[in-house]
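The chain contents come next:
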Amino acid sequence: MAAAAVADRDGEGARRRFGLGGVVLILLAVVALGFPAFVTLPYHRDLAIRILLFATLAQAWNILAGYCGQISLGHAVYFGTGAYTSSVLQMHLGVNPWIGLVAGAALAVAISQAIGYPCFRLRGHYFAIATIAIGEIVHTLAINWDFIGGARGLTLPIRKDSLLAFQFHGTKFIYYYIALALMVVCFLGAWHIQRSRIGYYLRAIREDTDAAQSVGIPVTRYKLIAMAVSAAFVSVGGSFYAQYVLYMDPDSVFPLSLSILVCVLTVVGGVGTLWGPLVGTALMIPLSEFTRIQFGGTGSGVDLLIYGALLTFVAVFQPTGLVGLVTRRRGR
Amino acid sequence: MFTVPTADVLIQGIISGLLMGCIYALIAAGLSLIFGLMEIVNFAHGEFLMLAMYTAFWMYTLFALDPLLSVPICGGVLFVLGVVTHKGIIRRILGAPMLAQIFATFGLGIFLRAAAQFLWTPDFRQVSEPWVQGPVRLFGVSVGLPQLVSALASLLAFGLLIWFITKTEAGAALEATAQDRQAASLMGINTERMFTLGWGISSACVGVAGAFLASFFYVFPYVGSLFGLLAFVTVALGGFGSIPGSLVAGIMIGVIEVLAGLFIAPAFKYVAVFAIYLVVVLIRPQGLFGKF
């Protein structure tokens, strides 16, 4: 009797929680889909596209760092791989950018495994430092590789608008919907991982690698899986970026600062949580734009001042990020 | 792709690599000390160096104090910065997950870099007329005098550091805390004070290195990124927590950098450094002298 009452109360709680969450989700979906109807300025559209792109990158990083605890500070490698693969294939061999996007993701996965297989022997700080070093090596090689344009970068030829050519000049909102779709797919991927067996394995590895190993979790294999998924999404983001901006150079797609930005967005929003990357990006990217408008763009770096302070503050006082603030209050 | 330098150039290069390596070693020693003590990597280490260089630069610009005379000032200022960092941030994250430990100091680094850029603009600045400047001829090889002085001073500071750790009572307490925090605390050592002291000394090391660097290297907000990255690599290569390891690794890196610049191309000198670091840690994850 009592058990039934408890079960009933639990069921009711779950329903109520779903009710609130469901309403929020539907609202979000309506706003996201209807966004182009409210916004006319290209600046705001561009801002929205970049928020969606960075939310994708942050979510992808979150799968590896947040769930699995492997802190990569070299994710720009996969972003640049995606951007350059689709573009170089297109320019040198005339390959369709959509196929290039898939090829880029495949190459990024291969690179991620080549990096991960040896580097996953390193733990914690050691792994983080190794990924910085790899990121810097790749960045320098790209600058000095003439075949892909070297330091001058690559400019993609402008084609007629079409979905097939992945270029839209008349209505740039198609880019918005592609970025939205990418973000949603990545989000759903993270959601699926979080509630499936893989998610539990990854979190077990994060909490205590030795314990996870001793209960029979193939630690390296699951780290590699997390790395592959993460690299693939980041690479697709890179290909999207290339098609959207139509220009790339090593300093814009391979820099350490990009790898770091992705971490900052996730950690401030809430690392290891499903909503953290999205919340962090949606707050921090506009914040950075705001300070740039207020203080002028060249060299003042006020946005980084705030990013750095927030990052330290969150790490010390609020390790679950902004999302943690909300869930903790609701849990009480 | 490969170019072969003449013997003269080669000897010259190796010597300047050795000198630079001594400075790398001093910067890395501080990082290694902290890690040995409490298993925390200070990702703001390079930015600490940048602040030391700016301290020396402003002392020169405002009070006409040569960087060599600012060495104790930079050491002192950075000692205080290290203590404040420990009291304000590090003390609170000692038992925290890896992620919080990494991003607490990482955020501090981003903050300090942006603060320097905000306050002092991204301009490259230079101490225009330092006491020691220009090259000297030594056994037929031309050597930069500031580099030579800095390297010798770094070795001296390194010797002092090792003397302090191995020969003094405070150093023994520091070492005991590094080996076993709990046992040290049972022996009546105030471990919290040791951590504070460790952070002070670690930062003072970069303070000294920064003052010397300022006499021959440009000062700008991002100068810490490169030196910081090299310091991480040096410490990881030498073995985290091993102070002699950071000396050997620092000198190795100084020489590799020059040789790669001579034999391959200057653009690839850090690629070579990072590649050799990766090869070593993949074979020996604990680094050359690390105990794990």
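Source: prediction; values computed, not measured.

Draft legend 1. The overall build of chain A, seen in detail. When you go through chain A residue by residue, the secondary structure sums to 14 helices and two strands. Taken over the C-alpha trace, chain A has a radius of gyration of 21 Å; the compact-globule value for 332 residues is 20 Å, and the two agree within 12%. Its C-alpha atoms put chain A at 75 × 50 × 40 Å along the principal axes. Taken across its 332 residues, chain A has 45% of its residues classed as buried. Within chain A, contacts between residues separated by at least 24 positions form 75% of all contacts whose residues are at least 6 apart in sequence.

Draft legend 2. Just unusual backbone geometry, in detail. We note that Phe166(A) has phi near 60 degrees; this positive angle belongs to a residue other than glycine. Turning to its location among the elements, Phe166(A) is positioned in the loop between strand 1 (154–155) and helix 6 (173–195). Taking the C-beta count within 10 Å as the criterion, Phe166(A) has 23 such neighbours and is therefore assigned buried. Here the phi dihedral of Glu39(B) falls at roughly 55 degrees; this positive angle occurs in a residue that is not glycine. Among the secondary structure elements, Glu39(B) is positioned in the loop between helix 1 (7–38) and helix 2 (45–63). The exposure class assigned to Glu39(B) is partly exposed, which follows from the 16 C-beta atoms found within 10 Å.

Draft legend 3. Seen up close, the confidence of the model for chain A. Looking at chain A as a whole, its pLDDT mean stands at 87, while 92% of the residues score no less than 70. Low confidence marks residues 1–14 of chain A, where pLDDT is under 50. Its contacts with residues over four positions away, or in another chain, come to zero contacts.

Draft legend 4. Structural view of helix 3 (residues 67–88) of chain B. All names here are of chain B. With 22 residues, helix 3 should cover 32 Å at 1.5 Å per step; its first-to-last C-alpha distance of 29 Å lies within 8% of that length. All of the buried residues along helix 3 are Pro67, Ser70, Val71, Cys74, Gly75, Val77, Leu78, Leu81, Gly82, Thr85 and His86. Next to the buried residues of helix 3 lie helix 2, helix 4 (98–120) and helix 8 (191–214).

Draft legend 5. Region of the structure containing the pairing of strand 1 (residues 135–138) of chain B. Residues and elements named next belong to chain B. Strand direction decides the pairing type here: strand 1 and strand 2 (residues 141–144), joined by four bridges, are antiparallel. Residue pairing for strand 2: Pro135 is matched across the bridge by Gly144. Hairpin remark: strand 1 followed by strand 2, antiparallel, with two residues in the connecting loop; positive phi at Phe139, about 50 degrees.

Draft legend 6. Just the packing of helix 10 (residues 243–263) of chain B against helix 11 (residues 269–283) of chain B, in detail. All names here are of chain B. Here helix 10 crosses helix 11 at 130 degrees, and the two axes come no closer than 8 Å. With respect to helix 11, the element helix 10 is oriented oblique. Seen from above, helix 10 lies across helix 11 with right-handed handedness. Residues Ile253, Ile256, Glu257, Ala260 and Gly261 of helix 10 form the contact with helix 11, whose participating residues are Lys269, Ala272, Val273 and Ile276.

Draft legend 7. Seen up close, the interface of chain A and chain B. On the chain B side, the residues contacting the 34 residues of chain A number 38 residues. Contributing elements (two or more residues each) for the side of chain A that touches chain B: helix 5 (125–143) and helix 13 (302–317) of chain A. Looking at the side of chain A that touches chain B, the element that brings in the most residues is helix 5 of chain A, giving eleven residues. Considered class by class, the residues forming the side of chain A that touches chain B number 22 nonpolar, ten polar and two charged.

Draft legend 8. Summary view of the packing of helix 2 of chain B against helix 9 (residues 223–238) of chain B. All names here are of chain B. Where helix 2 meets helix 9, the closest approach of the two axes is 7 Å, and the angle between their N-to-C directions is 135 degrees. Accordingly, the angle class assigned to the pair helix 2 and helix 9 is oblique. Every pair of crossing elements has a handedness; the one defined by helix 2 and helix 9 is right-handed. On helix 9, the residues that touch His45, Gly46, Glu47, Leu49, Met50 and Met53 of helix 2 are Val223, Gly224, Ser225, Phe227, Gly228, Leu229 and Ala231. Counted by class, the contact of helix 2 with helix 9 contains seven nonpolar, five polar and one charged residues.

Draft legend 9. Highlighting the nonpolar core. In terms of nonpolar packing, the biggest core is built from 198 residues, with Leu311(A), Leu26(B), Met53(B) and Val233(B) touching the most fellow members. When residues of this core are assigned to their parent elements, the largest contribution, 17 residues, is made by helix 1 of chain B. The contact partners of Leu26(B), leaving out residues within four places of it in the chain, are Ser154(B), Ala157(B), Phe158(B), Cys205(B), Val208(B) and Ala209(B).

Draft legend 10. Spotlight on helix 3 (residues 76–93) of chain A. For helix 3 of chain A, which comprises 18 residues, the first-to-last C-alpha distance of 25 Å matches the rise-based estimate of 26 Å (1.5 Å per residue) to within 8%. The element helix 3 of chain A is largely enclosed, with a buried count of 13 among its 18 residues.

Draft legend 11. Geometry of the environment of Val233(B). Residues and elements named next belong to chain B. In this fold, Val233 is placed in helix 9. On the basis of neighbour count, Val233 is assigned to the buried category, with 28 C-beta atoms found within 10 Å. Linking Val233 and Arg181, residues 52 residues apart in sequence, is a C-alpha distance of 26 Å.

Draft legend 12. Representation of the confidence of the model for chain B in the model. Across chain B, pLDDT averages 89, with 99% of residues at or above 70. Across the whole predicted complex the pTM is 0.89, and at the interface the ipTM reaches 0.88.

Each value, and the rule that gives it
- Residue positions within a chain follow its written sequence, with the count starting from 1.
- Naming scheme: in the order in which they are written, chains are lettered from A and ligands are numbered from 1.
- The predicted nature of this model means local features are confined to residues of pLDDT at least 70 and side-chain atom pairs, given and counted, to a pLDDT of 80 or more, with totals for whole chains, interfaces and linings taken over all residues.
- Per the convention used, a helix needs a DSSP run of H or I reaching at least four residues, while a strand needs a run of E reaching at least two, with both numbered from the N terminus.
- Both definitions apply: the radius of gyration is a C-alpha atom measure, and the globule rule equals 2.2 Å times residues to the power 0.38.
- Every C-beta atom is placed from the backbone, and the number of other C-beta atoms within 10 Å of a residue's own sets its class: buried at 20 or more, exposed at 12 or fewer, partly exposed in between.
- Each residue gets a C-beta atom placed from its backbone, and two residues are in contact if those atoms lie within 7 Å.
- One number per residue, pLDDT, summarises how confident the predictor is, and it ranges from 0 to 100.
- Here the expected span of a helix is defined as 1.5 Å times the quantity of residues minus one.
- When DSSP finds two or more bridges between two strands, those strands count as paired.
- Here an axis means a line fitted to C-alpha atoms, over the contact stretch when the element is a helix, while the angle between two N-to-C directions is reported on a 0 to 180 degree scale.
- Throughout, the term roughly parallel applies to angles under 35 degrees, roughly antiparallel to angles over 145, roughly perpendicular to angles from 65 to 115, and oblique to all others.
- Left-handed describes a crossing whose near helix is turned anticlockwise from the far helix through less than a right angle; right-handed describes the clockwise counterpart.
- Basically, the charged four are Asp, Glu, Lys and Arg, the nonpolar ten are Ala, Val, Leu, Ile, Met, Phe, Trp, Tyr, Cys and Pro, and anything else, Gly included, counts as polar.
- Any set of buried Ala, Val, Leu, Ile, Met, Phe, Trp, Tyr and Cys residues joined through C-beta atoms within 7 Å is what this text calls a nonpolar core.

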